[in-house]
Amino acid sequence: LTMEGRLFVERAAPLIEQLDDLVRLQAQPSAMQGVVRIGVGVTTLLWFPQVIALLKVDMPNVHYDIDVDMGMNMLHKLEEGRLA
């Protein structure tokens, strides 16, 4: 990975761990439903699809709205409120 990619992964790792903890805390994750909106950088495509696949197994009624873009573009979208 590039230096920017490594920094992104370092920053994203705690968020993924938190999401994993939340899923584990749910008594019945398969009963969860709704939409989860996630903005990810291009470099995460190396590992992110596997995370979503695991989440879909545990929570089949949850829809994942995933926006893939370059890191700086994601930051601008977040600041503009286009990512929630």
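That block above? That's the structure.
Report on the accompanying structure. If you're wondering where the values come from, they're calculated on a predicted model, not measured in any experiment.

**Section: the side chain of threonine 44**
And then number 1: Examined against the element boundaries, threonine 44 turns out to sit in the loop between β1 (34-41) and α2 (48-58).
And then number 2: Leaving out residues up to four positions away in the same chain, threonine 44 has contacts with Phe8 and Pro49.

**Examining the environment of leucine 83**
And then number 1: Inspection of the secondary structure assignment puts leucine 83 in the segment after α3 (71-79).
And then number 2: For leucine 83, a relative accessible area of 16% puts it in the buried group.
And then number 3: C-alpha separation for the pair leucine 83 and aspartate 67, spaced 16 residues apart in sequence, amounts to 8.5 Å.
And then number 4: Those residues within four positions of leucine 83 in sequence are excluded, and the remaining contacts are Gly39, Asp67, Met74, Lys77 and Leu78.

About the cut-offs
Residues numbered from 1 in each chain as written. Predicted model: local features only at pLDDT ≥ 70, side-chain atom pairs only at ≥ 80, totals over all residues. Heavy atoms only, no water. Helix = DSSP H or I, 4+ residues; strand = E, 2+ residues; numbered from the N terminus. Contact = heavy atoms within 4.5 Å. Buried < 20%, exposed > 50% of the residue type's maximum accessible area, 1.4 Å probe, protein only.

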